[in-house]
Amino acid sequence: GRHLEVADRIGMPEAGAGAQGDGRGAARGGSESKAASMAVSKRRWDLLRAALLNKEVDLSEFADVTTKGRLADLGLIRKERIRSGDGHVLVRYELPGGSGLTLKQCDGSKVRVASLAELRTGKDDADRTGIVTVWPSEEALAYLCCRRPEAFEGKAVLELGAGLGLAGLAVAASTNAKLVVLTDGNAEAVERLRENVEANRDEFGDTEVRCEKLDWSPSPGLRPAQFDLVVGADLVYQPELYGPLADAIASLCSPAGGECWLVCPNRNEGWGAWETEAKVRELRVKGKSGWGVPTELEGSCGRWSGSKADYPHLLVLEKER
């Protein structure tokens with residue numbers, strides 16, 4: 001999942017691709033695709049190994065596996081690096097609709113990892129890979145929120161696993177939401193969120209914005225069932241966390257029409273298992289379709305170089321009344 005994109009699953013051909021026509025050609029094509037996928041997988045594991053052994057990796061040496069939508073952005077939101085230093089950069093994001101945000105984030109040209117354990121700030125923390133960069137799903141969620149400002153009018157909104165906070169801050173800057181609460185399970189990520197909130201305070205108008213540490217469990221600072229909209233990007237990735245994530249969403253969504261927007265790729269083919277956990281907690285899919293690419297993202301998806309399953313999809317859930 002977010003445990004370094006370099007260690008994530010690679011795109012595989014869609015089921016049934018090449019199944020028609022000459023059987024030998026289909027088999028040959030399948031073998032070639034499998035070999036290509038294995039080669040990419042090996043390169044990505046080489047990158048993870050280099051990060052762990054050498055402590056710092058120049059991503060330009062692995063451009064073949066990090067620039068095609070994996071560590072790169074989707075090109076949905078225009079951005080510009082405005083200052084760098086001390087391992088961090090300030091990046092200006094120009095949001096749809098005319099608003100802008102400046103985020104402090106890690107220098108995206110290098111990945112620094114001392115050990116797998118170092119991905120956690122403390123023993124009770126979630127990993128801190130959310131503050132490595134703005135991940136593709138977070139960019140997609142932020143863009144979608146900006147394109148649907150009417151959905152947030154006067155609403156109380158919470159972002160789960162916010163990382164650098166682009167999506168939640170985009171809601172605060174581009175809509176007339178009443179309240180936006182940015183949460184993450186990692187203490188260092190929450191501190192970075194607070195820095196980014198203060199740096200952009202003038203962009204929020206009358207919207208109240210605050211940050212909380214929330215590891216998908218009850219928090220003294222968050223009253224259950226108070227949020228009209230719960231949003232999150234790239235959260236469906238570890239099967240052992242499907243239940244706690246569903247519990248958090250069910251607890252935080254208001255029973256009076258509360259919704260949840262999740263934007264995620266189909267990591268480890270986990271969408272079906274996640275929906276099962278959601279249904280057990282009386283969260284149902286809104287509308288007739290499940291995971292899908294919303295109209296606003298279809299152009300970007302058409303330019304996507306990887307498997308469609310690896311492109312961020314949207315799922316909208318609502319609490320059963």
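For the structure itself, look to the data block above.
Note that the structure is predicted; figures quoted are calculated from it, not measured.

Caption draft 1: How the structure looks around the sheet that holds strand β4 (residues 100–106). Strand order in this open sheet of three strands is β2-β3-β4, and the pairing throughout is antiparallel. Pairing within the sheet leaves two strands with one partner each, and these edge strands are β2 (78–85) and β4. In this sheet, adjacent strand axes meet at a mean angle of 25 degrees when their direction is disregarded. The pairing of strand β3 (residues 88–94) with β4 spans seven bridges and is classified as antiparallel. When the bridges of β4 are listed, Glu-94 appears paired with Gly-100. This element, helix α5 (residues 187–199), spans β3 and β4 of the sheet and lies at about 150 degrees to β4.

Caption draft 2: View of the packing of aromatic side chains. Using the criterion set out here, one finds three aromatic pairs in the structure. Where Phe-152 meets Trp-261, the ring centres are 5.3 Å apart and the plane angle is 70 degrees; that geometry is what we call edge-to-face. On the criterion of sequence distance, the pair formed by Phe-152 in the loop between α3 (136–147) and β6 (156–160) and Trp-261 in strand β10 (residues 259–264) is long-range, its members being 109 residues apart. For Phe-152, a relative accessible area of 0% puts it in the buried group. Centre to centre, the rings of Trp-304 and Tyr-311 are 5.3 Å apart; their planes meet at 80 degrees, and the pair counts as edge-to-face. With respect to burial, Trp-304 and Tyr-311 carry one shared label: buried.

Caption draft 3: Representation of the pairing of strand β9 (residues 229–233). Where burial is concerned, most of β9 is hidden: five out of the five residues are buried. Here β6 pairs with β9 via four bridges, running parallel. Note that in β9 the partner of Glu-159 across the bridge is Val-231. Across five bridges, β9 lies against β10 in parallel orientation. Residue Leu-229 lies in a different strand from β10, and its bridge partner there is Glu-259. For the crossover that starts at β9, traverses helix α6 (residues 242–252) and ends in the parallel β10, the hand is right-handed.

Caption draft 4: Structural view of the pattern of salt bridges. Summed over the entire model, instances satisfying the criterion amount to 14 salt bridges. Ionic pairing is found between Glu-296 and Arg-148, a salt bridge with its closest N-O pair at 2.9 Å. Of this pair, Glu-296 sits in the loop between β11 (283–285) and α8 (298–302) while Arg-148 sits in the loop between α3 and β6, placing them 148 residues apart in sequence. Taking the shortest distance from any N to any O, the salt bridge between Arg-281 and Asp-247 comes out at 2.5 Å. With Arg-281 in the loop between α7 (271–280) and β11 and Asp-247 in helix α6, this residue pair connects regions lying 34 residues apart in the sequence. Here Asp-247 falls in the partly exposed class, since its relative accessible area comes to 41%. Here the salt bridges share partners, and the residues they tie into one network are Arg-92, Glu-94 and Glu-203.

Caption draft 5: Molecular detail of the state of the cysteines. Enumeration according to the criterion identifies zero disulfides in this entry. Lacking any disulfide linkage, Cys-146 is separated from the closest cysteine sulfur, that of Cys-145, by 6.9 Å. Under the relative-accessibility criterion, Cys-146 is labelled buried at 8%.

What counts, and where the lines are drawn
As a convention, each chain's residues are numbered from 1 in the sequence order in which they are written. Totals for whole chains, interfaces and linings use every residue, but because this is a predicted model, local features are given only for residues with pLDDT of at least 70 and side-chain atom pairs only at 80 or more, for both listing and counting. Side-chain measures here rest on the full set of heavy atoms in the structure, leaving out hydrogens and waters. Pairing between strands is defined by DSSP: at least two bridges between them are needed. Secondary structure elements are taken from DSSP: a helix is a run of H or I of four residues or more, a strand is a run of E of two residues or more, and numbering for both begins at the N terminus. Axis definition: a line fit to C-alpha positions, over the contact stretch in the case of helices; interaxial angles, taken between N-to-C directions, run 0 to 180 degrees. In what follows, residue pairs with any heavy atoms lying within 4.5 Å of each other are defined as contacts. Two aromatic rings from Phe, Tyr or Trp, using only the six-membered ring of Trp, form a pair when their centres are within 6.5 Å; if the ring planes differ by under 30 degrees the pair is stacked, by over 60 it is edge-to-face, and anything between is tilted. Think of it in three bands: with a 1.4 Å probe and only protein chains considered, a residue is buried below 20% of the maximum accessible area for its type, exposed above 50%, and partly exposed in between. For crossovers, right-handed means that the path from the first strand over the helix to the second runs clockwise, given strands pointing away from the viewer. The working definition used for a salt bridge is a side-chain nitrogen of Lys or Arg within 4 Å of a carboxyl oxygen of Asp or Glu. The rule for a disulfide is simple: a pair of cysteine sulfur atoms within 2.5 Å.

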